[in-house]
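# Observations on chain architecture
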Amino acid sequence: MSKLVIVESPAKAKTIKKFLGPDYDVIASMGHVRDLPENRLSVDIKNNFKPKYDIIKGKEKLVQELKEKAEKSDTVYLATDPDREGEAISWHLAYILGLDITENNRVTFNEITKAGVSKGMEHPRNIDLDLVNAQQARRILDRLVGYKLSPFLSQKIRRGLSAGRVQSVAVRLIVDREEEIRAFVPEEYWTIDAKFTPQGSRKAFGATFYGNTEGKMKISSKEEADKILADLQDAEYCIVKLKKGTRRKSPAPPFITSTLQQEASRRLGFQARRTMKVAQELYEGIEIGEMGAVGLITYMRTDSLRLSEEAIQDAAEYIRERWGEKYLPSTPRHFKTKANAQDGHEAIRPTMPELSPDKVKDSLSSDQYKLYKLIWERFIACQMANCIQSTTQAEIQAMDYIFKASGYTVTFDGFTVLYEEGKDEETEKEATLPPLEKDMLLKLKEITGNQHFTQPPPRYTEASLIKALEENGIGRPSTYAATISTITSREYVIREGKALKPTELGEVSTKLMKERFPKIVNVKFTAQVENDLDSVQSGKTDWVETLHDFYGDFEKTLKQAKEEMQGMKIQLKEDETDIICEKCGRKMVIKTGRYGKFIACPGYPECKNVKKLVQETGAECPKCGGKVIVKKTKKGRTFYGCSEYPNCDFVSWDEPSMEKCPRCGKTLLKKKGKHPKLYCITPDCGYEKTEEE
């Protein structure tokens, strides 16, 4: 009997084929094969939101190949990814190939290992229509919002804008934070910091002013700080209270999609899209020496903290062999999943804990190794013993004033021997304290008053934005990477280092949305829509009913906004340039047309002057001395060329610098990478230097 297995990607197909053997043909659908066409709404609103799906452009040949293979096969298994999106792809494939959706022809793999594939193939089921309908409802909701709102924004602000059910709320969070920062008024406050040495010891330790014997004191000015310092001029310092204790620090739970994205951002500097791309590669299969292709991690789109008993036992065995019995907790650790999480999968973990990062390093790319190491360490650490710390808190009195000092020493490192979770914000580290005793007199080494100002809340980073989206129930972890990518590529938000800052476009469009479509950018409303979609997935709510509930109010709001804003247009300040129109003297503005950005006179239609938008680098062409400008390939990749083209043919992927070569006087180019440097492209010159020199 011939058996056909359809998966989503060629890498996954290759790995699964190895496990299933010659009796199976494994082919990839390359993701979705049928979807709502991009060039029209494709949703029949009057007919209960009936979607009008088409074969995705460019996939006709692949679909024909799938049909031919299916016709020749006795059995067809649909083995797309084990989530809402994967279920929908299987449903579309079943329709296209004429398969019976009530048959047990759907298989899922939580991990692409021999055991994981065998388990999946042994338990085929029929297509889960609740899961499919939840995906359809989400897709149609997003299409309705995008196709109805985007033209409105484009008409009122700037051509080519888009709105989205999740992206608009994400932009709002960033804009609201920026408004908080602007409105923030810093307050002055002072601290008094002292250093002491105990009797018979040379080791100094720090303590901070707390208040007096009546309670905590706030120091708001230099005068207040100076008065306290003057009072303490010849004071005697004594430890009046000493509290010693033990603190147990537990490891973080294993990764779910959102926490993986956050930690990869904090520790590795990976953007969410990069994290998910690498995680997909690790899940689908990597060639590991003599083992061949094998999936190194479990499915990476999950919000469940569940771990299989087998995985927990494998981790315990590794920990016992590597560090010894004392590094194991008294009982294996199980973690509680959030109430609204989908518990269909395990947490993200290594499929074979015995494959430590060092054992597979030579088979992995740099990104794959870094991410696998992070996932592996987090998982192993979550099954290790607590870190035990001995804590000391000292209260020091001088006259009526109180200082406090706290510190700890690690008595048993436990899981921290391997891994500790990163933090979004820097926190003050507790110091270790020398041996202290109650009633001990201390010698004052130094004491200073220090001025501070309260700080505004920080801008969101990718990690903290993902955390906020998750905590507020906006979108789903599997959509965060695409959401952040969209809001930055559409220029609603820009990156400043790791921080996400709204552009004027982001602020203006958010203001318009808050005024005209308050529900669309309302955090609680968006979270409720997600809950409704989860109800569809669990079979509690009808998907068409969910769409009716949303669309009725949305349609009225849109109609009202169009009527009340007829003829209105919002002009952005950031679109204005310093280029003067030589025909009428106005400052020209940046416009966006069908083929991208250009410069035009704002006096249209009286003045129709337009120019090509040229972004200068400020550097001189190393060939002819002309201006070097930024250019784009058809695929959007940035390169640099001479403005005198075609008279000068200078082009480079490397960005020209403002520095000149000390040997020949030509412009130096910047070579990026692990070891960035400046170099000269002049033949026979060969000058180069590192950027730090």
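A quick note: this is a predicted structure, and the numbers were derived from the prediction, not measured.

Note that Ile 96 resides in helix 3 (residues 84-97). When its relative accessible area of 14% is taken as the criterion, Ile 96 is described as buried. Spatially, the C-alpha atoms of Ile 96 and Phe 554 are 33 Å apart, while their sequence positions differ by 458 residues. When neighbours within four sequence positions are excluded, Ile 96 is seen to be in contact with Val 33, Arg 34, Ile 55, Val 63 and Lys 67.

The next point concerns the packing of aromatic side chains. On inspection of all chains with the given rule, the structure shows 17 aromatic pairs. On the numbers, 6.0 Å between centres and 70° between planes, the contact of Phe 639 with Trp 653 is edge-to-face. Taken together, the residues Phe 639 in strand 25 (residues 638-642) and Trp 653 in the loop between strand 26 (651-652) and strand 27 (656-660) connect sequence positions 14 residues apart. By the ring-pair criterion, three or more aromatic residues cluster together here, those being Phe 196, Phe 205, Phe 209, Tyr 237, Tyr 401 and Phe 403. It is Arg 247 that lies over the ring of Tyr 408; its NZ or CZ is 5.4 Å from the centre. Above the ring of Tyr 210, the side-chain terminus of Lys 404 is found at 4.1 Å from the ring centroid.

Moving on to the UniProt feature "active site" (unreviewed entry) in the chain. Those residues carrying the UniProt feature "active site" (unreviewed entry) are Tyr 299 in this numbering. Tracing the backbone through its elements, the reader meets Tyr 299 in the loop between strand 13 (292-294) and helix 10 (309-323). Once residues within four sequence positions are removed from consideration, Tyr 299 is found in contact with Asp 81, Pro 82, Asp 83, Asn 110, Tyr 283, His 345 and Ile 348.

Note that Ala 482 resides in helix 14 (residues 477-489). Look at Ala 482 and you get partly exposed, because its relative accessible area is 36%. For the pair formed by Ala 482 and Asp 226, sequence separation is 256 residues and the distance between their alpha carbons is 54 Å.

This next bit is on the sheet that holds strand 1 (residues 3-7). One open sheet holds the three strands; their spatial order is 2-1-7, and the pairing between them is parallel. Of all the strands in the sheet, just strand 2 (24-28) and strand 7 (75-78) have a single pairing partner and so form its edges. Ignoring which end each strand starts from, the neighbouring axes of this sheet average 20° apart. Where strand 1 meets strand 7, four bridges bridge the pair, whose relative direction is parallel. The residue bridging Lys 3 from the neighbouring strand is Thr 75, located in strand 7. Taken strand by strand, helix 2 (residues 60-72) contacts strand 1, strand 2 and strand 7, and its axis lies near 165° from that of strand 2.

Rules used throughout
- Residues numbered from 1 in each chain as written.
- Predicted model: local features only at pLDDT ≥ 70, side-chain atom pairs only at ≥ 80, totals over all residues.
- Heavy atoms only, no water.
- Helix = DSSP H or I, 4+ residues; strand = E, 2+ residues; numbered from the N terminus.
- Buried < 20%, exposed > 50% of the residue type's maximum accessible area, 1.4 Å probe, protein only.
- Contact = heavy atoms within 4.5 Å.
- Phe/Tyr/Trp six-rings, centres within 6.5 Å; stacked < 30°, edge-to-face > 60°.
- Lys NZ or Arg CZ within 6 Å of the ring centre and 35° of its normal.
- UniProt positions renumbered as here; feature names shortened; annotations may be inferred.
- Pairing = 2+ DSSP bridges.
- Axes fitted to C-alpha atoms, helices over the stretch in contact; angles between N-to-C directions.

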